[in-house]
Amino acid sequence: MLVVEEEPPNKLDPAALVTLIPAGIDVTPFTLSTPDTIARELHLLQQRRDLISVYFNRAQIWFLSVLQIIDEKHQTFSFDISVDEAQNSAFERTSHAVFAAQPGGIKIQFEILSGIKRIVDLDGGPSFQAQFPLSLINLQRRNFLRVPLPIAKPLLCTLRHRNGAAINAQLYDLSIGGMVW
Amino acid sequence: MITNGVDVAIGDKFTACRIALSSFGIAEVNLIVMSKRQATKTDLSMQTVVGTNFVNLSRKSEALLHRYIGQLERERHRLERE
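Residues numbered from 1 in each chain as written. Chains lettered and ligands numbered in written order. Predicted model: local features only at pLDDT ≥ 70, side-chain atom pairs only at ≥ 80, totals over all residues. Heavy atoms only, no water.

Assigned secondary structure in chain A consists of 2 helices and 15 strands. Classification of the 181 residues of chain A by burial places 49% in the buried group. A separation threshold of at least 6 residues defines the contact pool for chain A, and within that pool the share at least 24 residues apart is 58%. With the model as given, the accessible surface of chain A reaches about 9000 Å², and the carbon-plus-sulfur share is 54%. (Helix = DSSP H or I, 4+ residues; strand = E, 2+ residues; numbered from the N terminus. Buried < 20%, exposed > 50% of the residue type's maximum accessible area, 1.4 Å probe, protein only. Contact = heavy atoms within 4.5 Å. Areas by Shrake-Rupley, 256 points an atom, 1.4 Å probe, with all protein chains shown as cover.)

Here it is as structure tokens:
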């Protein structure tokens, strides 16, 4: 799985960018590899209209997209093209792309190794189409409901760092299994 | 001082961490760092976001967290209905 440690150079709407899963994380327990389970995750992304960060050219270029049509029979899916035609032309020539989304704080990531083509979708507009990925990572580590925490009344956790310093960390979400700060 | 940009690594463990759950009290927990990533804040500055799991969560802390999370969920549902 392709990973990057640094932000890509594109600066278009960086707040919407979903970063790729960092190196060093064992994603094996979170990897789906049957067509049925992959189709289900793609359908969920499509139904929620989740923004997808599509990386290509060794993750040096990315654009934002939304899944359009999930075709289980032919094992294909389509998705919005970029607003930048130069990116679209480059994307048509790529042989490797990584898709990343983060609905509800849960990382979903998969990669496409071939078969990307431009099509006309049902609305008559241009889309890209690709074959289903061979695997899909659904990085849901916790078995418990996560609740996002109110920003107006921040929840703080006091920790002792290994260097001895006390840390007051502001929490972003919390569950019975863990927390994010 | 609120410090979220602290230097931590995946696998780091923190013991006896204290979460102040407003009127519910203090939950004392042990943590292990499971993930770490850079996120962009609304002012476009970068911030390190750290995902952690609780380790050997005590029954008392679990009960406090249950109550606090339950209260947040009830508030959220109430706001959605209004």
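This paragraph deals with the pairing of strand E3 (residues 46-55) of chain B. Counting buried residues along E3 of chain B, 7 of its 10 residues qualify, which places the element largely inside the surrounding structure. For strand E15 (residues 178-180) of chain A and E3 of chain B, the ladder comprises 3 bridges, and the chain directions are antiparallel. In the sheet register, Met 179 of chain A faces E3 of chain B, and the bridge partner there is Thr 52 of chain B. (Pairing = 2+ DSSP bridges.)

Bringing unusual backbone geometry into the picture now. Residues and elements named next belong to chain A. In this structure, Asn 57 is a non-glycine residue whose phi angle is positive, near 55 degrees. Assignment of secondary structure puts Asn 57 in the loop between strand E2 (52-56) and strand E3 (61-65). One non-glycine residue with positive phi stands out, namely Ala 59, at about 65 degrees. Following the sequence through the fold, Ala 59 ends up in the loop between E2 and E3. Residue class for Ala 59 comes out buried when judged on its relative accessible area of 2%.

Taken as a whole and judged by the stated rule, the model has 14 aromatic pairs over all chains. Their ring planes at 85 degrees and their centres at 6.0 Å tell us that Phe 79 of chain A and Phe 91 of chain A sit as a pair that is edge-to-face. Taken together, the residues Phe 79 of chain A in strand E5 (residues 76-80) and Phe 91 of chain A in helix H2 (residues 85-93) connect sequence positions 12 residues apart. Note on Phe 91 of chain A: relative accessible area 0%, which makes it buried. Note on Phe 24 of chain B and Tyr 68 of chain B: the rings are 5.9 Å apart at their centroids and 90 degrees apart in plane angle, and the pair reads as edge-to-face. One end of the pair, Phe 24 of chain B, is in the loop between strand E1 (13-20) and strand E2 (26-40); the other, Tyr 68 of chain B, is in helix H1 (residues 59-81), and 44 residues separate them in sequence. (Phe/Tyr/Trp six-rings, centres within 6.5 Å; stacked < 30°, edge-to-face > 60°.)

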